[in-house]
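Residue-level listing of the chains:
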Amino acid sequence: MTDAMVTGRMPERKKQQGLRVLKRDGMNASQAVNLLFDRLIEEGSADFLLQDGDASADERWASAARFVDSLSRKRSTRFDDMTKAEIKLDRLAAKGLV
C-alpha cells in the first residue's frame, strides 16, 4: 500500500485541482465533505461514490444531475450584508432599545 492509501492523504496537485473546482462553484472543502456525509446518511451506502463502468455517459450525467439537484441550497438572511455593529443595532431597535 502506498502512503496515500494508508493515511488518507492525497497528492497536493489533486487536492489543489479539487479545491479550484469547489471554489469555482462557490464551495469549500468543508462544505463539500458536509454534503458528502449528508448523502452517505441519506443513501445509507457509499455505492454512489463508485463509478459504474457499465453505465453510459448519459446515465452518469443524469445521475450526477440528480445528485446536484438534491443538494441543499445556501440560505441567506437579511443580516448577510450587514456588519456586526449594524446587526447589533438592528436587534436593539427591534426590541425598542434604541
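Residues numbered from 1 in each chain as written. Predicted model: local features only at pLDDT ≥ 70, side-chain atom pairs only at ≥ 80, totals over all residues. Heavy atoms only, no water.

1. As for the pattern of salt bridges
Close approach of charged atoms allows side chains with opposite charge to pair. Inspection of the entire model under this criterion finds three salt bridges. Among the salt bridges present, the one from Glu43 reaches Arg39, with a minimum N-O distance of 3.0 Å. Within this pair, Glu43 and its partner Arg39 are both found in helix α3 (residues 29–43), separated by four residues, close to a single helical turn. Linking Arg78 and Asp90 is a salt bridge whose minimum nitrogen-to-oxygen distance equals 2.9 Å. Pair noted here: Arg78 is in the loop between α4 (57–70) and α5 (84–94) and Asp90 is in helix α5, with a separation of twelve residues, a long-range link. Among the residues examined, Asp90 registers a relative accessible area of 22% and is labelled partly exposed. (Salt bridge = Lys/Arg side-chain N within 4 Å of Asp/Glu carboxyl O. Helix = DSSP H or I, 4+ residues; strand = E, 2+ residues; numbered from the N terminus. Buried < 20%, exposed > 50% of the residue type's maximum accessible area, 1.4 Å probe, protein only.)

2. Points about the confidence of the model for the protein chain
The predicted model of the protein chain has a mean per-residue pLDDT of 83, with 89% of residues at 70 or higher. At the low end of the mean pLDDT range in the protein chain sits helix α1 (residues 3–7), at 50; at the high end sits α5, at 93. (pLDDT = per-residue confidence, 0-100.)

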